[in-house]
Amino acid sequence: MTKHQFLQVNGLNLFYREAGDPTLPTILLLHGFPSSSHMFRNLIPRLEDSYHVVAPDLPGFGFSDTPARSQFKYTFENLARVIGAFTEMAGLKRFAIYIFDYGAPVGLRLALAHPAQISAIISQNGNAYEEGLSEGWNPIRAYWKDASQANRDALRAFLAPESTIWQYTHGVPDTTAVSPDGYSLDNFYLARLGVAERQLDLFGDYKSNVALYATFQKYFRTYKPAFLAVWGRNDPFFLPNGAEAFKRDIPDAVVRFFDTGHFALETHAAEIATAIRDFLAS
């Protein structure tokens, strides 16, 4: 059974989903843009019999608080700081991290800060190499180079409802396999007052993640964490080269590709759950 709860962390009310016996090995699930812990709704029931699974909504996402920009700086460092405090308050001592999209730089920052806490890393289209970034990032790269209002406004197209639907369906051979629940809920969250500016702030700050890629890669070489990549091969933003690159720094990394797009769990939750169970049992 999945529990739906809130926890006060650094003055913020964070929503999270939790399932499984807390005495079992823990997996922390970290979602991406523009989603929430709702993206794990089909994965959690497939893991809860053998693992303690915890999936928080990042600040500014889902049911978690969305503080004003004057009260909270929307950077990935701050997101990671809050999630790190969340793990402490939730009593998570050692855990695997499942990192997707924005969850990757958040989770990898946790790993840099507390490497001994990380038992394994599962990356589902969670990038840490420049060769993994497609040309789809070019409008955002332009904003990194010149944070003009014009370049910022050009990114608003990524927040449009049709863009969210496209992220869910692009690269999926049979789009009828994609439930409208996920992208409809994401679009509801994106339409809330003030959310657009917060998301544009994060687009701009994503350059801080790319700046940390070399540091993340050094962590991989130093600690050689048990690593599984489960990747939607047709992702328009994070390319298969980014998945293969992990093996350069972690030779024993396991890389699995699935014939789907960015939100691979929408179509391949069962297959990904099996891959995770096999990987963590090995």
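The rules behind the values
- Residues numbered from 1 in each chain as written.
- Predicted model: local features only at pLDDT ≥ 70, side-chain atom pairs only at ≥ 80, totals over all residues.
- Heavy atoms only, no water.
- Helix = DSSP H or I, 4+ residues; strand = E, 2+ residues; numbered from the N terminus.
- Rg over C-alpha atoms; globule rule 2.2 N^0.38 Å.
- Buried < 20%, exposed > 50% of the residue type's maximum accessible area, 1.4 Å probe, protein only.
- Contact = heavy atoms within 4.5 Å.
- Areas by Shrake-Rupley, 256 points an atom, 1.4 Å probe, with all protein chains shown as cover.
- Pairing = 2+ DSSP bridges.
- Salt bridge = Lys/Arg side-chain N within 4 Å of Asp/Glu carboxyl O.
- Arc of directions from axis to C-beta.
- Core = buried A, V, L, I, M, F, W, Y, C linked by side-chain atoms within 4.5 Å.
- Polar contact = N/O pair within 3.5 Å; in protein donor to acceptor, adjacent residues only side chain to side chain.

1. Quick notes on the overall build of the protein
No. 1: Across its full length, the protein carries 10 helices and 8 strands.
No. 2: In terms of overall size, the protein behaves like a compact globule, its C-alpha atoms giving a radius of gyration of 17 Å where 282 residues would be expected to give roughly 19 Å.
No. 3: Counting every position in the protein, which comprises 282 residues, the buried fraction comes to 57%.
No. 4: Restricting to contacts in the protein with at least 6 residues of sequence separation, those with at least 24 account for 76%.
No. 5: When the accessible surface of the protein is totalled, it reaches about 11,400 Å², and 53% of it is carbon and sulfur.

2. Points about the pairing of strand E1 (residues 3-9)
No. 1: Bridge count for E1 against strand E2 (residues 12-19) is 7 bridges, and the pairing is antiparallel. Paired with Val-9 across the strands is Leu-12, a residue of E2.

3. Regarding the pattern of salt bridges
No. 1: In this structure the tally under the stated criterion is 12 salt bridges.
No. 2: With a shortest N-O distance of 2.9 Å, Arg-41 and Glu-266 are connected by a salt bridge. In this pair, Arg-41 sits in the loop between strand E3 (26-30) and strand E4 (52-56) while Glu-266 sits in helix H10 (residues 265-281), placing the two residues 225 residues apart along the sequence.
No. 3: Assessed through its relative accessible area of 9%, Glu-266 is described here as buried.
No. 4: Notably, a salt bridge pairs Arg-69 with Asp-201, separated by 2.7 Å at the nearest N-O pair. A residue pair is termed long-range when its members are at least 10 positions apart, and Arg-69 in the loop between E4 and helix H1 (76-89) and Asp-201 in helix H7 (residues 195-211) qualify at 132 residues.
No. 5: A cluster of three or more residues bridged by salt bridges with shared partners is formed by Arg-69, Arg-152, Asp-153, Arg-156, Glu-197 and Asp-201.

4. Notes on helix H9 (residues 240-249)
No. 1: Of all the positions in H9, only Gly-242, Ala-243, Ala-245, Phe-246 and Asp-249 are classed as buried. Along H9, the residues classed as buried sweep out an arc of 155° about the axis, all on the same side.
No. 2: Looking at the packing, one finds that the buried side of H9 touches strand E6 (118-123), helix H8 (213-223), strand E7 (227-232) and strand E8 (254-258).

5. Some remarks on the nonpolar core
No. 1: Core analysis: the largest hydrophobic core is formed by 65 residues, its most contacted members being Leu-28, Ile-121, Phe-203, Tyr-206 and Phe-220.
No. 2: With 7 residues, the single largest contributor to this core is H1.
No. 3: Look past the residues within four positions of Ile-121 in its chain and what remains in contact with it is Ile-97, Ile-99, Leu-108, Tyr-219, Phe-220, Pro-225, Ala-226, Phe-227, Leu-228 and Phe-279.
No. 4: Counting 32 residues, the second largest nonpolar core, distinct from the first, contains Tyr-98, Ala-120, Tyr-168 and Ile-276.

6. As for the environment of Gln-5
No. 1: Within the secondary structure, Gln-5 sits in strand E1.
No. 2: Given the relative accessible area of 25%, Gln-5 is considered partly exposed.
No. 3: In the structure, Gln-5 is positioned 58 residues away from Phe-63 in sequence and 10.0 Å away in space, judged by C-alpha atoms.
No. 4: Once residues lying within four places of it in the same chain are set aside, the contact partners of Gln-5 are Leu-14, Phe-15, Tyr-16 and Glu-18.
No. 5: Here Glu-18 takes part through its side chain, which lies 2.9 Å from a polar atom of the side chain of Gln-5.

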